[in-house]
Amino acid sequence: MTLPSLAETTALIRHRRSIKPVDMDPQRPVEAALLTELLENATWAPNHGMTEPWHFHIFQGEARQTLAESLQNLYRQTTPAAEFREDKLKKMGENPLLAPVIVACVMERKGGNKIPEQEELEAMACALQNLMLSATAAGLASFWSSPPVLETPEFQTWLGLQNTDRCVGLMYLGWPRPGLSWPRSVRQPIANKITWHESAISTTNPNA
Ligand SMILES: Cc1cc2nc3c(=O)[nH]c(=O)nc-3n(C[C@H](O)[C@H](O)[C@H](O)COP(=O)(O)O)c2cc1C
């Protein structure tokens, strides 16, 4: 097996962008075999205790309309009046119809008393990054959306989740619409984010 070089891996990681559903081609399907491969790659994420806490609910075809209507109904039902926004409601109805596939990514709690929930959520984030990088490598656009409605008991009931499960996001996947210019992004210089520890330092608390 030939592994991608570091330069190729770097290029893939830096090429991945959040591409909104409006920039996807809703007419062009994502083949089931490809989608399955991407989701299988997601499951190769690190996970403490090998609990493999993921479950993926795939919405495509007419199921997207059901998802859109349900998101809108749940948003109306669960959003406090002071936070309610017409533009958000509209997007919830539109977005699922703009992408050919939406994957509701669920953390199914498996760790019991041994593995903290936080660690199973962290494993989910690793899985979603695997999914987005694999999608990017295949030429697909991806977008991780996490509207607060996903955290409501009403949404959990609608999707048939246990109350210990958490839907960490809706992953929109699709082919980029023809003519899309791939968005650019920036990151802060890495030097701002690193502290090197090399010389001997005191092992006692200097403030003690
Ligand atoms: C946990 C998580 C949740 C996110 N939820 C949303 C979201 O609800 N809406 C949104 O516009 N972007 C969301 N994003 C995408 C970020 O906005 C995006 O990653 C960021 O702007 C950097 O852009 P890039 O992905 O192109 O590098 C989410 C990302 C993560 C990791």
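Residues numbered from 1 in each chain as written. Predicted model: local features only at pLDDT ≥ 70, side-chain atom pairs only at ≥ 80, totals over all residues. Heavy atoms only, no water.

Time to look at the pattern of salt bridges. Between side chains of opposite charge, pairing is possible as soon as their charged atoms come close. Overall, the coordinates contain seven salt bridges when judged by the stated rule. For Arg-85, the salt bridge identified is with Asp-87, shortest N-O distance 2.7 Å. When its relative accessible area of 41% is taken as the criterion, Arg-85 is described as partly exposed. Counted as one network, the salt bridges with shared partners bring together Glu-117, Glu-151 and Arg-166. (Salt bridge = Lys/Arg side-chain N within 4 Å of Asp/Glu carboxyl O. Buried < 20%, exposed > 50% of the residue type's maximum accessible area, 1.4 Å probe, protein only.)

Turning our attention to a nonpolar patch on the surface. Together, Ile-190, Ile-194 and Trp-196 give the surface a local cluster of nonpolar side chains, amounting to about 380 Å² of exposed area. Of note, Trp-196 is situated in the segment after strand E4 (166-174). The class of Trp-196 is exposed, set by a relative accessible area of 67%. (Patch = residues over 30% accessible without salt bridge, like charges linked within 9 Å, V, L, I, M, F, W, Y side chains within 5 Å. Areas by Shrake-Rupley, 256 points an atom, 1.4 Å probe, with all protein chains shown as cover. Helix = DSSP H or I, 4+ residues; strand = E, 2+ residues; numbered from the N terminus.)

Turning our attention to the packing of helix H2 (residues 32-42) against helix H5 (residues 117-137). Running from N to C, H2 and H5 point in directions that differ by 140°, and their axes come no closer than 7 Å. Read as a crossing pair, H2 and H5 show a hand that is right-handed. Along the contact surface, H2 presents Leu-38, Leu-39, Asn-41 and Ala-42, while H5 presents Ala-127, Asn-130, Leu-131, Ser-134 and Ala-135. The residue inventory of the contact of H2 with H5, partitioned by class, reads six nonpolar, three polar and no charged. (Axes fitted to C-alpha atoms, helices over the stretch in contact; angles between N-to-C directions. Left-handed = near helix turned anticlockwise from the far one by under 90°. Contact = heavy atoms within 4.5 Å. Nonpolar A, V, L, I, M, F, W, Y, C, P; charged D, E, K, R; others polar.)

On the UniProt side, "domain: Nitroreductase" (unreviewed entry) is annotated at positions that read residues 13-175 here. Structurally, residues 13-175 is divided into 44% helix and 17% strand, and its ends, taken at the C-alpha atoms, are 18 Å apart. (UniProt positions renumbered as here; feature names shortened; annotations may be inferred.)

All right, on to the pairing of E4 then. Counted residue by residue, E4 has eight buried out of nine residues, so it is predominantly covered. Bridge analysis of strand E2 (residues 101-107) against E4 gives seven bridges, and the strand direction is antiparallel. Counted as the bridge partner of Val-106 is Cys-167 from E4. Of the pairings in the sheet, the one linking strand E3 (residues 141-145) to E4 comprises five bridges and is antiparallel in character. The residue of E4 that forms the bridge with Ala-141 is Gly-174. (Pairing = 2+ DSSP bridges.)

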